[in-house]
Amino acid sequence: MFSVNSPSEVNEDETWQEAPFLSASAVNGKHYEWQLSDGRQWLPIDNDHVIETHYCQPGAKGITINTSHGQVHIDFDELQSLNTPLQVQRLSFLPQNQTEDVGWYFRDDQLWREYGSPGLEPLASSVSSKDVECQFTVNPQGSFSFTVGHTSYTLDFSSMTQTNCSTGLRRNVRRRPKFSSEGLVSTSVPLTASATHLSGSGYKWEFMGDRGVWTEYQKHICSFDSAAIESQYQLNQRGQLHFRINAFTYTLDFLRMCQTNNVAGTRRAVRRTIDSGSQENGSATLPRWQFQDIGGVWRDYSNGQCSITSQDIEFQYQQNPSGTVSHVPEEPAH
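(A) Inspection of the sheet that holds strand β10 (residues 112-114) at higher detail. In spatial order, the strands read β10-β9-β14-β13-β12-β11; together these six strands make up an open sheet with antiparallel pairing. This sheet does not close on itself; its edge strands, each paired only once, are β10 and β11 (143-148). Ignoring strand direction, the axes of neighbouring strands in this sheet form an average angle of 30°. Where strand β9 (residues 102-107) meets strand β14 (residues 170-177), five bridges bridge the pair, whose relative direction is antiparallel. Opposite tryptophan 104, over in β14, you have arginine 175 as the bridge partner. Running at roughly 100° to β9, helix α2 (residues 129-138) makes contact with β9, β10, β11, β12 (151-156) and β14 of the sheet.

Here it is in structure tokens:
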């Protein structure tokens, strides 16, 4: 366990749009956790609301904290510890059908301004923080374009910059969570295959080991276990997850279902299977696959209506999440 005694220094840009600075009482029921690792295991940081409160300020570059292991400087843009060999990460623990309230900010000539918020300009941006977050979730390394009046801009997620397509002027961009007593936004949608899933312990994530044996991800070995990976997968089933094992960094690609060593370039197959142990204990149920009929009603796949069931579809999906399944509808009785 790492303990934050007090923040010794907060590195900030010159100015930023003022946001509420919350006290420790705002962390009741917190959905985040800051952790440090010495290369052997990840340990939570006590009193991490101090870090979180500063991290949520768009103008904060980083913070230096006093811990039981000495001073640690955390760079908020890179999420790295710059003055020690310790590694840092921030985890989110989100209830089902909820997501974190995230703000996207660009640096103008004087201030950090949130996308979609009223500014000094008479024309408003055509995108909001929510719009930017949706694009980021689909492709965290991509880019997209938007307009302000007659001017077009490109926002590049890989470099976290915004470029004026006419003048070439580039501005820095930041993505920060919004700190509140709740801090979560409901994302309830009709009950579809993508919205219906097992609890975090209902799926098991495994990689192909050196001897051809499927090996489950374990938190004491890498920075994520099956439950944590499943949580990230539910947020973006076509995205990627970055993690570390000792001195090596890896990328888990949900679309290609593979794990890549970012230094050596070697790849391992990855699979996501239903944890039969969880089902036997009654902690999970099989997911339901549904289609929307002509009248807009969501209906289950079943033997009574077509030649395939939810269980059949889920089995095929486990084999190839990017593939397709064909079936023949049952003929109605005459």
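Having seen the model, we can carry on.
(B) Structural context of empty space enclosed by the protein. Scanning the model with the defined rule gives two cavities of 30 Å³ or more in all. Approximately 60 Å³ is the volume found for the largest cavity. Of the residues assigned to the lining of the largest cavity, the class counts are four nonpolar, six polar and two charged. Of the pockets and cavities examined, the second largest cavity occupies roughly 40 Å³. Around the second largest cavity sit 10 residues that line it, and His31, Glu52, Glu100, Lys178 and Phe179 are the ones nearest its centre. Residues of the lining of the second largest cavity, tallied by class, amount to four nonpolar, two polar and four charged.

(C) Layout of the pairing of strand β18 (residues 240-245). Residues Leu241, Phe243 and Ile245 line the buried face of β18, whereas the alternating positions Gln240, His242 and Arg244 sit on a face that is not buried. Relative to strand β19 (residues 248-253), β18 is paired through six bridges, and the arrangement is antiparallel. Residue pairing in the sheet places phenylalanine 243 in a bridge with tyrosine 250 of β19. Counting the residues that bridge the hairpin from β18 to β19 gives two residues, and of these asparagine 246 lies at a positive phi of roughly 55°.

Reading guide: rules and limits
- Residues numbered from 1 in each chain as written.
- Predicted model: local features only at pLDDT ≥ 70, side-chain atom pairs only at ≥ 80, totals over all residues.
- Heavy atoms only, no water.
- Pairing = 2+ DSSP bridges.
- Helix = DSSP H or I, 4+ residues; strand = E, 2+ residues; numbered from the N terminus.
- Axes fitted to C-alpha atoms, helices over the stretch in contact; angles between N-to-C directions.
- Contact = heavy atoms within 4.5 Å.
- 1 Å grid on protein atoms, 1.4 Å probe; cavity = no way out; pocket = protein on both sides within 12 Å on 5 of 7 lines; lining within 4 Å.
- Points joined across faces, edges and corners; volume = space filled by probe spheres on them.
- Nonpolar A, V, L, I, M, F, W, Y, C, P; charged D, E, K, R; others polar.
- Buried < 20%, exposed > 50% of the residue type's maximum accessible area, 1.4 Å probe, protein only.

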